[in-house]
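Each chain is listed here by its residues.
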Amino acid sequence: MGGLKIDTKARVINKDGDVIKGLYAAGEVAGGIHAGNRLGGNSLADIFTFGKIAANTAFEENN
Ligand SMILES: Cc1cc2nc3c(=O)[nH]c(=O)nc-3n(C[C@H](O)[C@H](O)[C@H](O)COP(=O)(O)OP(=O)(O)OC[C@H]3O[C@@H](n4cnc5c(N)ncnc54)[C@H](O)[C@@H]3O)c2cc1C
């Protein structure tokens, strides 16, 4: 529970609030709107949604 901070495009944010270029995260490795814990059963919507967003962002920013 908890993990890397990401923005709405699944880009990882550093402790100063800046995007770490080229680093994307989704799923268990990322923190989420539920902070250090989450309601049971809410993981799968999160991982599929942000997994797709992360892939799209990585493609857009690297092509
Ligand atoms: C018993 C159990 C029941 C659950 N029930 C529910 C439920 O009912 N509803 C719900 O929403 N969530 C549920 N969850 C949580 C949900 O399954 C997880 O949050 C989700 O699967 C996490 O997906 P993920 O892709 O982030 O990580 P993972 O599914 O852990 O995928 C990470 C992948 O990365 C691979 N990997 C690791 N290290 C490396 C490496 N160095 N190089 C390459 N690959 C690597 C691993 O092999 C793995 O395949 C449950 C979890 C458990 C354990």
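Residues numbered from 1 in each chain as written. Predicted model: local features only at pLDDT ≥ 70, side-chain atom pairs only at ≥ 80, totals over all residues. Heavy atoms only, no water.

Caption draft 1: How the structure looks around the side chain of D7. Within the fold, D7 resides in the segment before β1 (11-13). Judged by its relative accessible area of 17%, D7 falls in the buried class. Within the structure, D7 has its side chain in polar contact with the backbone nitrogen of K9 (distance 2.9 Å). What D7 contacts, discounting residues up to four positions off in sequence, is I13, V19 and F50. (Helix = DSSP H or I, 4+ residues; strand = E, 2+ residues; numbered from the N terminus. Buried < 20%, exposed > 50% of the residue type's maximum accessible area, 1.4 Å probe, protein only. Polar contact = N/O pair within 3.5 Å; in protein donor to acceptor, adjacent residues only side chain to side chain. Contact = heavy atoms within 4.5 Å.)

Caption draft 2: Representation of the site of the ligand. Surrounding the ligand, one finds G27, E28, R38, G41, N42, S43, L44 and I47. Separating an oxygen atom of the ligand from a side-chain N or O atom of S43 is a distance of 2.4 Å. In this structure, L44 approaches the ligand through a main-chain N or O atom, which is 2.9 Å from an oxygen atom. Partitioning the shell around the ligand into residue classes produces two nonpolar, four polar and two charged. (Near = heavy atom within 4 Å. Nonpolar A, V, L, I, M, F, W, Y, C, P; charged D, E, K, R; others polar.)

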